[in-house]
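Tertiary structure, described
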Amino acid sequence: ILYGFFLIQKTYPYFCQKNIMGFFSGKHIIGILGGGQLGKMLLNTTHQWDIKTKVLDPNAEAPARIGCNHFVQGDLMDYQTVIDFGKEVDILTIEIENVNPDALATLEQQGVKVYPQARVLKVIQNKCHQKQFYQKNKIPTAPFQLFNSKEDLKDAVVRGLISFPFVWKSESMGYDGYGVKIVRTNQNLEEVNEGACMAEELVDIDKELGIIVCRSPKGETCCYPCVEMEFHPEANQVEYVLSPARISKEVAKMAEEIALEVSKAFRHVGLLAVELFLTKEGEIWVNEVAPRPHNSGHYSIEASYTSQFEQHIRALLDLPLGNTANKVAGVMVNLVGKEGHKGPVHYKNIEHILAIEGVNPHIYGKKETRPFRKMGHITIVNKELSVARKIAEDVKETIEVITK
Ligand code: ADP
């Protein structure tokens, strides 16, 4: 028995090592569900490390199609499509949450390493389950009530069980605020979609913050510095991300502690972007999480020692996690389609912003622009955050995403 134990101890690290080595200039494949901009940016690291990849996306023109070794066009929500895709890879990850979770669970049972795990995704895919998860794990979040239908919600309003204003959130995945509405009147209430939902307290927000945590299969965890997100008042989309956030050390520490608590509760593998509200009373509440690379971490490509994308790949392969500190301050501007423009995209004045020091444009490669569609982003780096923020404003005023 002792000898057997000795043998396992001796050979186990070797097997692990051997598995990892199969990825570098080897035959092993990382599969990515989703071929959007996040997938495209993940592929920069797999190129750098000569790791083979396969991408599944419904759109034949997906941004990540040009950067992977093998592109498959198919429906991410279709059980069989995801199974067939996943069977041929060694590690499967996502760059979008809207994927079939049952297929992921089956693939896990068949021995495919699925990161984030199917159970993590199942909780996160449903906003109501996500809130219940926070409640169960004693993670601070805005007070809420759940309803099975719009009728039940309206009934609760009529009976005075909840009162205006509140934030309506659909149970099913929305993105960029489409499944979220502030309800102040009966008229607003009429306008919300049918289906299971929650009514959440309208938070008096001082700042919206974000922290990206990364966790490896062996449980090593690291945390990026807290960032601050500034929102576009109409489109409800992030306009600027500032790293580091302009907050006190105490608030930053509190935010980090909460983000790590969330990470510990999920026991995820890979990135977990934690969106937080700093309330006017100085409390920090978790809004929601995303178990994948996130818009709030794009700045890390130029401003951090290790980009969020490289960090995710490190975690998938159970490699040592990289340094999350900033080399310089970074401000990210989302490059979104201008209002009134729909059709083939043209990046007007890109040559002018490139004349400014520290300006790094990323163009996602989407052929068509639409109002507020995320077409790219620009990261401005500078020793001083305030200088970077000022340049970001100039950049935003100069470049235009239009049709010719
Ligand atoms: P999505 O998943 O569509 O991004 P979020 O839940 O992140 O939706 O909400 C989008 C935005 O709506 C948030 O970033 C915030 O600005 C606002 N918001 C969400 N919930 C609340 C709330 N309870 N109180 C105030 N504002 C909120």
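Rules used in this analysis
- Residues numbered from 1 in each chain as written.
- Predicted model: local features only at pLDDT ≥ 70, side-chain atom pairs only at ≥ 80, totals over all residues.
- Heavy atoms only, no water.
- Salt bridge = Lys/Arg side-chain N within 4 Å of Asp/Glu carboxyl O.
- Helix = DSSP H or I, 4+ residues; strand = E, 2+ residues; numbered from the N terminus.
- Buried < 20%, exposed > 50% of the residue type's maximum accessible area, 1.4 Å probe, protein only.
- Axes fitted to C-alpha atoms, helices over the stretch in contact; angles between N-to-C directions.
- Parallel < 35°, antiparallel > 145°, perpendicular 65-115°, else oblique.
- Left-handed = near helix turned anticlockwise from the far one by under 90°.
- Contact = heavy atoms within 4.5 Å.
- Nonpolar A, V, L, I, M, F, W, Y, C, P; charged D, E, K, R; others polar.

1. A few points about the pattern of salt bridges
Throughout the structure, instances matching the rule amount to 24 salt bridges. Here Asp-84 makes a salt bridge to Lys-87, at a shortest N to O gap of 3.7 Å. The partner of Arg-389 in a salt bridge is Glu-393, and the shortest N-O contact between them spans 2.9 Å. A residue pair is termed a helical-turn pair when its members lie 3 or 4 positions apart in one helix, as Arg-389 and Glu-393 do in helix H13 (residues 385-398) at 4 residues. Using a relative accessible area of 14% as the deciding quantity, one classes Arg-389 as buried. On the accessibility criterion, Glu-393 (32% relative accessible area) is partly exposed. Connected through salt bridges with shared partners, the residues Lys-207, Glu-228, Glu-230, Arg-246, Arg-389 and Glu-393 form a single ionic network.

2. Considering the packing of helix H4 (residues 101-109) against helix H5 (residues 118-125)
Packing of H4 against H5 leaves a shortest axis separation of 9 Å and a crossing angle of 165°. Classed by the angle they form, the pair H4 and H5 counts as roughly antiparallel. Helix-helix and strand crossings are classified by hand; for H4 and H5 the assignment is left-handed. Taken together, the residues of H5 that come into contact with H4 (itself represented by Pro-101, Asp-102, Leu-104, Ala-105 and Glu-108) are Ala-118, Leu-121, Lys-122 and Gln-125. Looking at the contact of H4 with H5 residue by residue, the classes come out as 5 nonpolar, 1 polar and 3 charged.

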